[in-house]
Every structure is written in C-alpha cells, then in structure tokens.
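Chains, contacts and geometry: an overview
Spelled out from the first residue to the last, the chains are:
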Amino acid sequence: MKENIVSVNNLSVSFDYQENFLSKKQKIRAVNNINIKIKKGSFFGLVGESGSGKTTLGRAILGANKISSGNVIFHDDDRDFDLTTITSKEMKEYRKKAQLIFQDPYAALSPRMTVRDIIAEPLEVMKITTSREETDERVRDIAAKCRLNLEHLRRFPHAFSGGQRQRISIARALVSNPKFIVADESVAALDVSIQADILNLLKQLQQELNLTYLFISHDLSVVAHVCDIVAVMYLGHIVEMAPSRELFSNPRHSYTKALLSSIPSVDPENKSKAIELQGEIPSAMNPPTGCVFRTRCPNPTHDCKEGNIEMGLIEVSPNHWVDQCCVNCA
Amino acid sequence: MSHLLEINKLDVKFDTDEGRITAIDNVSLTLDQGKVLGIVGESGSGKSVTAKSIMQLNPGNTIYNDNAEIIIDGENVLKFTSKNDLKKIRGGKVSMIFQEPMASFAPAIKIGSQMVEQLMIHKPLDKNEAKNISIDMLNRVGIADAEKRFNQYAFELSGGMRQRAMIAMALSTMPKLLLADEPTTALDVTIQAQVINLIKDIIKEFNMGVIFITHDLGVIAQVADDVAVMYLGSVVERGPVNEILKNPKHPYTRGLLNALPDINNLDAPLTPIPGNIPSPLERPTGCVFRTRCPNPTHDCREGNIEMGLIEISSGHWVDKCCINCG
Ligand SMILES: Nc1ncnc2c1ncn2[C@@H]1O[C@H](COP(=O)(O)OP(=O)(O)OP(=O)(O)O)[C@@H](O)[C@H]1O
Ligand SMILES: Nc1ncnc2c1ncn2[C@@H]1O[C@H](COP(=O)(O)OP(=O)(O)OP(=O)(O)O)[C@@H](O)[C@H]1O
Ligand code: SF4
Ligand code: SF4
Ligand SMILES: [Mg+2]
Ligand SMILES: [Mg+2]
C-alpha cells in the first residue's frame with residue numbers, strides 16, 4: 001500500500017493583479033514553492049496567517065486552482081492522478097475521490113431542495129448511481145452515519161440549526177465515497193458545543209471510512225485536539241511543520257511562537273501574554289527578500305534584516321521541520 | 001443616564017411553509033455608550049436575528065410583537081416606517097458587520113468603490129477624501145498594499161481579508177452603535193488581536209457602543225464588558241463578563257464552557273452538550289433547555305417551569321428556575 005495519499009512538490013500558485021487595462025500586470029504569489037506529503041489516514045492541519053495561501057493550497061490539491069509551477073500528485077490505490085496534467089475525463093473520476101466540505105453551512109445548502117435531494121445531488125451529477133433506489137440507499141446510509149434520521153431527509157434546510165446543517169454538508173461531501181477531504185474552516189461558524197460534536201463525528205468517520213483530511217482552521221485549540229500533524233503557513237510559505245503535540249509544546253519558528261501566544265484566553269483577567277507583532281505586514285505582491293517573516297519578527301539578526309537568509313525547511317527532530325534560518329531563532 | 005440601546009420584551013417569529021417559527025422569545029437587553037455587550041449561544045439561538053432586528057433587516061416573513069421596543073437614542077426603531085427614518089439607523093447611527101462577508105460585497109463591483117460609495121452616503125465627503133479614509137481603514141485592519149487591494153473584487157481576497165474589508169467599511173462611518181456578527185471568525189489569532197485592539201481604540205475615541213456576537217468565548221473574555229448567553233431564542237443568563245465566565249449558573253452556560261477544547265490538556269476528550277437542539281418548530285414548553293439539561297427536576301420535565309430572568313448578584317441575571325440547578 002502507498003504511504004502517502006497526496007504529494008505536493010515545489011508547488012507555486014500565483015494570480016495576476018492589474019490596476020487597469022493599461023498598467024503592467026503584477027503577480028500575487030499566493031503559494032510559493034511548497035512541499036508536503038499527506039499520509040494516508042492522517043488528520044493534516046493547516047494553520048497560519050489570514051491570506052497566507054491555505055485555501056489556495058487546498059484548492060490546488062482539489063484541482064480547483066491552476067498550478068503555476070511544481071506539481072500535485074494524488075495517489076489512489078491503483079493509480080496516480082497528476083493534477084498538473086489531468087484531463088477533463090480524469091477530473092471527473094478525481095472529483096469522486098477528493099471532496100471539499102464548505103465553511104458556511106447556511107450558504108452552501110439550497111433552501112429549495114429537501115435534505116434528501118441535497119445529499120443525493122452529487123451522486124446524480126457524477127452519475128454514480130443508476131437507479132432511484134440505489135441513490136436512496138446511498139443517501140440513507142451516509143445520512144445515518146452522519147446521525148441524521150429519515151424524518152430529517154424529507155425536510156428543508158431552514159428548519160435545521162447550524163450544527164445539523166453542517167452534518168448535511170458533511171453527508172453531501174461523503175456520499176460519493178471519497179478518500180480525501182479538504183475541510184476549509186468547516187467548524188468556524190459553529191458554537192463550541194456543536195463544534196465538539198462535529199469534530200467527534202469527523203474523527204469517527206475517518207476510522208469507519210478510512211478518510212484522510214486536510215483540515216484548514218484558525219482555531220488552534222481545535223487543531224491541537226484533532227490533527228496528527230500541523231503545518232504553519234506565512235505569506236505563501238510553510239515555515240514550520242511537526243506532529244501536533246510537538247508543535248504546540250515546542251514551537252521553533254518566531255511566527256509559530258507569536259501565533260501560539262496570541263490564542264485569546266477565556267480568563268478575562270489574563271490579557272498580556274501575547275507576543276505582539278509590530279512592523280509592516282508584508283504583501284504577497286511584493287514579498288520581502290530572504291526570510292518572509294523578517295518585517296515583523298521580534299528578534300531578527302543582522303543577516304535577517306539585510307534579507308540574506310535563505311528559506312527552506314530542515315528536520316530538527318524526527319518529523320519536526322522548521323525553516324532553516326529559524327532553528328535557533330529566539 | 002439613558003442607554004444607547006434598549007431592547008424590551010422582543011419576540012420575533014417567522015412565517016414559513018412549515019409553520020410559524022419562534023426565533024426570539026421575550027428578549028430584553030441594554031447597552032451603554034463606550035461598552036461592549038457580547039452575545040454567545042448555540043447556532044440558531046437567535047443571535048443574528050436579534051442584531052438584524054435592531055437594523056430592521058429581517059425579511060418580509062418576519063412578525064414582531066406589538067409591545068416590543070428597540071430604543072436607540074430615545075426612538076423606537078420598530079415603529080420606523082419611512083425610508084428616511086430607516087436611513088438614520090442603517091449605516092448612519094448604526095453599522096453592521098455581517099456574518100457572511102461574501103453577502104455584503106456585490107461580486108461585480110470593486111471593494112474600494114463599494115467602500116467609497118457607502119461612506120459618501122453617510123458623510124459629507126468628496127470622493128477623494130472618502131477614498132483616503134477607506135484606504136487608511138484597510139491599512140488599520142492589517143491589509144498590506146491597501147491601495148492595490150482597494151482595486152480588487154471580493155472573490156480575489158482571502159476569506160479573512162474579505163472579513164477585514166467589511167470591518168473597515170463598517171468602522172469608516174464611525175457609527176454610534178456597531179453590531180458585529182462573528183466579525184473575527186475568519187482571522188488568525190494575531191490579526192484577530194490587532195483587529196480587536198482597533199475596535200477597542202475606536203470605542204474609546206468615539207464612545208461607540210458595540211454588540212459583539214461570537215461563539216469564541218476567549219474573544220468574549222478579551223473584548224466584552226457584559227455578556228448575554230442565548231439558547232433557542234431566549235437569553236438564559238447575562239451579566240459582567242468576568243462573573244459569567246467564572247461563576248456560570250445556568251447549565252447551558254456551564255455546558256458551553258465545558259465544551260471548550262483545552263489547549264493545555266490534549267488528552268481530554270471533546271465534550272459537546274449531549275442531545276440535539278430542538279427544531280424551532282418544536283420549541284419545548286417551560287424551560288427551553290429541558291430536553292438537554294443534565295439535571296432536570298420533575299417539574300422541568302413536565303414543562304411546568306416558567307422562564308424569566310432574576311438578578312442573583314449585582315448585574316448577574318439568570319433564569320429564575322435555574323438559580324439552584326445542579
Ligand atoms: N481568485 C483569486 N484571484 C486573485 N487573487 C487571489 C485569488 N484567490 C486568492 N487570491 C490571493 O491569494 C492570496 C492567498 O489567499 P488564500 O485565500 O489562499 O489565503 P488563506 O490563507 O486561505 O487566508 P484566510 O485565512 O484569510 O482564508 C491572497 O493574497 C489572495 O488575495
Ligand atoms: N428568514 C427566516 N425564515 C425562517 N427562519 C429563519 C429566518 N431567519 C432565521 N430563521 C431561524 O431563526 C433561528 C435563529 O437564527 P439566527 O440566524 O439568529 O441564529 P444564530 O444564533 O445567529 O446562529 P449561528 O450561530 O448559527 O449564526 C434559526 O432557527 C433560523 O433557522
Ligand atoms: S529567520 Fe530571522 S527574521 Fe526570519 S523568523 Fe528567524 S529570526 Fe526572524
Ligand atoms: S430549569 Fe430545569 S431543565 Fe431548565 S436548565 Fe434549569 S434545571 Fe435544567
Ligand atoms: Mg482561506
Ligand atoms: Mg448568526
């Protein structure tokens with residue numbers, strides 16, 4: 001059996017920016033030379049600064065964004081899909097294997113369709129089932145796994161709460177029997193109790209259905225609890241990556257440290273432990289030379305400030321990768 | 001001193017194909033200038049509907065009760081009918097940061113044009129001044145290269161950038177009352193801290209009052225002066241933030257705090273409040289929380305409990321039935 005389900009190799013994705021028709025095109029470097037391997041059966045967490053390229057990376061893996069350079073390979077049991085050269089015929093096949101769970105359970109569900117029809121739609125669009133009976137059976141089966149009952153299937157989404165809607169979205173994403181799921185801020189809209197419930201459900205389905213997740217989230221406590229391995233992004237780069245416990249107990253990169261220190265405490269009297277980031281927030285249109293974090297780093301060295309630092313991950317302890325410059329940064 | 005905002009005995013119902021849904025049941029709240037009132041509660045508990053009621057933004061199938069009042073600056077907005085009256089609140093005295101940023105920006109108009117247009121409706125500014133203020137606000141919410149981002153469409157921004165652009169737009173009019181509905185859910189914690197500090201600065205500078213809706217109890221702890229906890233359309237507990245988070249009385253509030261993942265103990269299981277929220281079509285009689293309460297009494301189970309907040313210590317209000325609940 002193959003060990004990894006996804007390999008991302010030297011992946012870069014950029015978008016064009018043009019002020020008006022006459023002006024010169026500029027590039028927004030959303031994802032910059034990223035390398036990751038996602039192990040089969042893992043809960044892979046992706047965290048980092050807003051705008052750092054997490055959604056773009058997730059979409060590139062799903063084949064929903066163009067790839068500027070490098071490649072993404074999806075390893076199925078019997079074949080590989082190369083997302084750089086994929087044909088539209090292969091893409092149809094690939095869609096069954098890799099799915100996205102939406103962030104917003106309200107916007108994602110059409111108010112005019114019953115829950116049954118919402119969950120059944122991917123089966124019909126992808127022509128996976130051939131009869132209504134077969135479709136119904138698949139829908140009932142996955143609905144039960146997501147703890148929705150038969151009575152729910154006849155109703156319209158507005159009668160459901162956010163948590164139940166998110167279960168409907170999950171059922172819809174899983175009905176085609178995918179192997180890999182990108183969950184982009186999938187629990188962000190939910191209150192803590194429902195969040196806990198949905199996360200327990202995702203974990204349980206992972207075991208039952210042998211799923212692999214790429215879990216994108218800003219909620220670090222949630223990531224710490226559910227993910228096996230976590231990668232931290234900053235301005236298009238992965239600056240650190242480690243097994244969850246290791247990352248949260250022993251962060252090495254200055255950005256990771258600042259991030260972990262800023263988790264708001266539920267104790268109103270505990271206000272001051274955050275490492276406040278000063279300095280200019282860099283732009284993806286004009287990223288700093290050298291270390292991308294240097295404009296806001298609390299302790300840059302002379303070489304950092306001059307932009308003489310070369311980026312690139314090295315392994316500092318088993319499976320703990322950090323940007324080489326930052327192995328010893330304060 | 002009179003309050004900036006006073007909500008009295010508000011009920012909100014919606015007519016739907018499947019029947020009449022009660023979204024808000026007998027909610028009363030007050031907010032003073034310069035203060036932040038946090039609202040937390042389960043999805044579907046009516047947080048957004050409460051905020052939208054203040055702006056009169058609920059859709060046509062909405063029914064308000066006759067004796068309800070939402071008083072801003074001495075005027076009951078529920079009695080407003082003319083466009084001119086409504087203009088005073090929408091985007092004038094009151095600004096709202098919506099839960100769905102995608103819905104707040106028109107897809108085919110650049111975000112900058114939308115910011116400028118909305119600012120010029122409410123302030124006597126020329127185009128250039130409005131542009132400068134907007135770009136300055138984009139900078140202050142941590143958007144790099146703001147002059148360029150100003151020229152982009154909403155779909156070209158990341159989720160968190162869209163959310164920040166919306167915050168910038170809402171703050172640029174310097175409202176008296178800001179309704180912020182889950183304003184920081186799409187932000188990483190360092191940017192979130194920056195945005196929260198910005199909102200706090202503006203509160204001080206302009207003596208603005210804020211309703212801050214979020215499910216993040218950590219954020220509530222850091223921004224709110226007072227907090228109201230909602231469940232299925234009712235406020236079940238409210239009071240000073242410190243008191244509510246350290247000394248919660250209602251089993252629902254306790255359940256929420258208990259469900260919070262603890263970053264210092266990764267071995268602890270995630271513990272949701274057991275059971276499902278009842279459908280709004282099947283609202284329990286008596287105490288709304290009784291179908292999920294860990295320790296209901298016989299009377300609770302029978303639906304014999306009457307709801308209503310009473311004050312158990314200075315400013316700390318809890319559903320009367322629940323003063324001693326286990
Ligand atoms: N369709 C697009 N056109 C132009 N630029 C884009 C597009 N999609 C993303 N970008 C740009 O790519 C960069 C990365 O965006 P992305 O959405 O991947 O960030 P993110 O890490 O998911 O952020 P967030 O946490 O805020 O969701 C941003 O600068 C964004 O403006
Ligand atoms: N236009 C509408 N028609 C019918 N029902 C509605 C309408 N708008 C809201 N509701 C219902 O009113 C209830 C309260 O919804 P609201 O959006 O206020 O919840 P919320 O507390 O903001 O939840 P979340 O945390 O998920 O945003 C829900 O049951 C919702 O389904
Ligand atoms: S390389 Fe230098 S600037 Fe970059 S994070 Fe490390 S210490 Fe800071
Ligand atoms: S009134 Fe009864 S059912 Fe309701 S929360 Fe209190 S103990 Fe539980
Ligand atoms: Mg994103
Ligand atoms: Mg809401």
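All residue numbers refer to position in the chain's written sequence, counted from 1. A letter from A marks each chain and a number from 1 marks each ligand, given out in the order of writing. Selection of residues for local features in this predicted model requires a pLDDT of at least 70, selection of side-chain atom pairs for listing and counting requires 80 or more, and totals for whole chains, interfaces and linings are taken over all residues. With hydrogens and water stripped out, all remaining heavy atoms of the structure feed into the side-chain values.

**Describing the overall build of chain A**
Applicable threshold: We count a stretch as a helix when DSSP gives it H or I for four or more residues in a row; a strand needs E for two or more, and each element gets its number in order from the N terminus. Atoms counted for the radius of gyration: C-alpha only. Globule rule: 2.2 Å times the number of residues to the power 0.38. Each residue is assigned to one of three classes by its accessible area relative to the maximum for its type, calculated with a 1.4 Å probe on protein chains only: buried under 20%, partly exposed between the two thresholds, exposed over 50%. Pairs of residues are marked as contacts when any of their non-hydrogen atoms sit within 4.5 Å.
Secondary structure assignment for chain A yields 11 helices and 12 strands. Whereas a compact globule of 330 residues would reach a radius of gyration of roughly 20 Å, chain A reaches 21 Å, a difference of no more than 12%. Considering only C-alpha atoms, chain A reaches an extent of 70 × 50 × 50 Å along its principal axes. Within the span of chain A, comprising 330 residues, buried residues form 55% of the whole. Long-range contacts, defined here as pairs at least 24 residues apart, represent 63% of the contacts in chain A between residues at least 6 apart.

**Concerning the coordination of the magnesium ion (ligand 6)**
Residue and element names in this part refer to chain B. Going by this rule: Note: metal donors comprise N, O and S atoms at 2.8 Å or less from the metal (3.2 Å for Na, K and Ca); water molecules are not included, so apparent gaps in a site are possible.
Around the magnesium ion (ligand 6), the protein supplies Ser 48 (OG) and Gln 99 (OE1) as donor atoms, at distances of 2.0 to 2.2 Å. With Ser 48 in helix H1 (residues 47-55) and Gln 99 in the loop between strand S7 (94-97) and helix H3 (101-104), this pair connects stretches of sequence that are 51 residues apart. A relative accessible area of 18% means that Ser 48 is categorised as buried. Here Gln 99 falls in the partly exposed class, since its relative accessible area comes to 26%.

**Thoughts on the site of ligand 1**
Stated formally: Here, proximity means that at least one heavy atom of the residue falls within 4 Å of the molecule or strand. N or O atoms closer than or at 3.5 Å make up a polar contact, with two conditions inside protein: a donor-capable atom paired with an acceptor-capable one, and, for residues adjacent in sequence, both atoms drawn from side chains. With residues, only the protein chains shown are counted as cover, and all accessible areas are computed by Shrake-Rupley using a 1.4 Å probe. Under the convention adopted here, Pro, Cys and the residues Ala, Val, Leu, Ile, Met, Phe, Trp and Tyr are nonpolar, Asp, Glu, Lys and Arg are charged, and Gly plus all remaining residues are polar.
For ligand 1, the set of nearby residues contains 20 residues, the closest of which are A:Gly51, A:Thr56, B:Glu156, B:Ser158 and B:Gly160. Mapping the residues near ligand 1 onto chains gives chains A and B. The backbone of A:Gly53 places a nitrogen or oxygen atom 2.9 Å from an oxygen atom of ligand 1. At 2.9 Å, a side-chain N or O of A:His218 approaches an oxygen atom of ligand 1. When isolated, ligand 1 has an accessible area of 630 Å², and the protein chains bury 90% of it. Its residues assigned to classes, the shell around ligand 1 comprises 6 nonpolar, 10 polar and 4 charged.

**A word on the pattern of salt bridges**
Put simply, the test is: The salt bridge definition used is simple: a Lys or Arg side-chain nitrogen within 4 Å of an Asp or Glu carboxyl oxygen.
Within the structure shown, the criterion is met by 24 salt bridges over all chains. Among the ionic pairs, A:Lys97 bridges to A:Asp76, the shortest N-O distance being 2.9 Å. Of the two residues, A:Lys97 sits in helix H2 (residues 88-97) while A:Asp76 sits in the loop between strand S4 (69-75) and strand S5 (80-82), which places them 21 residues apart along the sequence. Here the two residues A:Lys97 and A:Asp76 agree in accessibility, since each one is buried. We note a salt bridge from B:Arg20 to B:Asp15, for which the minimum N-O separation is 2.9 Å. With a relative accessible area of 36%, B:Asp15 lands in the partly exposed category.

**Focus: the sheet that holds S4(A)**
Through backbone hydrogen bonds, the strands of a sheet pair up, either in parallel or in antiparallel fashion. Residues and elements named next belong to chain A. Which entries qualify depends on this criterion: For two strands to be treated as a pair, DSSP must find no fewer than two bridges joining them. Inter-axis angles, ranging from 0 to 180 degrees, are taken between N-to-C directions of lines fitted to C-alpha atoms, where helices are fitted over the stretch in contact.
Strand order in the open sheet formed by 4 strands is S2-S1-S4-S5, with antiparallel pairing between adjacent strands. The open sheet is flanked by strand S2 (26-39) and S5, the only strands paired with a single partner. Going from strand to strand, the sheet's axes swing by 20° on average, the running direction of each strand aside. Relative to S5, S4 is paired through 3 bridges, and the arrangement is antiparallel.

**Comments concerning helix H5 (residues 127-140) of chain B**
All names here are of chain B. To be explicit about the condition: To estimate how far a helix should reach, multiply one less than its number of residues by 1.5 Å. In this context, the arc is that of the directions from the helix axis out to the C-beta atoms.
Under the 1.5 Å per step criterion, the end-to-end length of H5 is 20 Å for 14 residues, consistent within 8% with the ideal 20 Å. Within H5, burial applies to Ala 130, Ser 134, Ile 135, Met 137 and Leu 138. Along the axis of H5, the buried residues cluster in a sector spanning 160°; they form a single face. Those residues of H5 that are buried are in contact with helix H4 (111-122), helix H6 (146-149), helix H7 (159-172) and helix H8 (189-206). One side-chain oxygen of the residue at the start of H5 lies 3.0 Å from the amide nitrogen of Asn 128, identifying that residue as Asp 126. Where H5 terminates, the next one or two residues include Gly 142, which has phi positive at roughly 85°.

**What to know about helix H7 (residues 192-209) of chain A**
Residues and elements named next belong to chain A. Compared with the 26 Å implied by 1.5 Å per residue over 18 residues, the 25 Å span of H7 between its first and last C-alpha is a close match. Taking the backbone nitrogen of Ser 193 as reference, a side-chain oxygen 3.0 Å away marks Asp 191 as the first, capping residue of H7. Of the residues trailing H7, Asn 210 is marked for its positive phi of about 60°.

**A look at the interface of chain B and chain A**
Interfaces are often sized by the amount of accessible area the parts lose when they come together. Definition in use: Accessible-area loss on putting two parts together, using a 1.4 Å probe and summing over both, is the definition of buried area adopted here.
Tallying the contact residues gives 61 residues for chain B and 60 residues for chain A. For the chain B and chain A pair, buried surface summed over both sides reaches about 4,900 Å², with 57% attributable to carbon and sulfur atoms. Our count for the chain B to chain A interface comes out at 3 salt bridges. In this structure, the salt-bridge partner of A:Arg245 is B:Asp267, at a minimum N-O distance of 2.9 Å. Scanning the region where chain B abuts chain A turns up 20 residue pairs in polar contact (both at pLDDT 80 or more). Those elements that provide at least two residues to the side of chain B that touches chain A are H6, H7, H8, helix H9 (217-223), helix H10 (241-246) and helix H11 (251-259) of chain B. In the side of chain B that touches chain A, the residues fall into 25 nonpolar, 21 polar and 15 charged.

**Looking at the nonpolar core**
Stated formally: Throughout this description, the term nonpolar core refers to a set of buried Ala, Val, Leu, Ile, Met, Phe, Trp, Tyr and Cys residues connected via side-chain atoms within 4.5 Å.
Grouped together as the largest cluster of nonpolar side chains are 137 residues, with contacts concentrated most on A:Ile119, A:Ile170, A:Phe215 and B:Leu171. Once you skip the residues sitting within four places of it in the chain, A:Ile170 turns out to touch A:Ile101, A:Cys146, A:Ile198, A:Leu201, A:Leu202 and A:Leu205.

**Quick notes on the pairing of strand S13 (residues 316-319) of chain B**
Residues and elements named next belong to chain B. Direction of pairing for strand S11 (residues 234-240) relative to S13: antiparallel, over a ladder of 2 bridges. Among the inter-strand pairings, Glu 237 is bridged to a residue of S13, identified as Val 318. As paired elements, strand S12 (residues 309-313) and S13 share 4 bridges and run antiparallel to each other. In the strand pairing of S13, Ile 310 is matched with Val 318. Linking S12 back to S13 in an antiparallel pair, the connection comprises 2 residues, with Gly 315 at a positive phi of about 80°.

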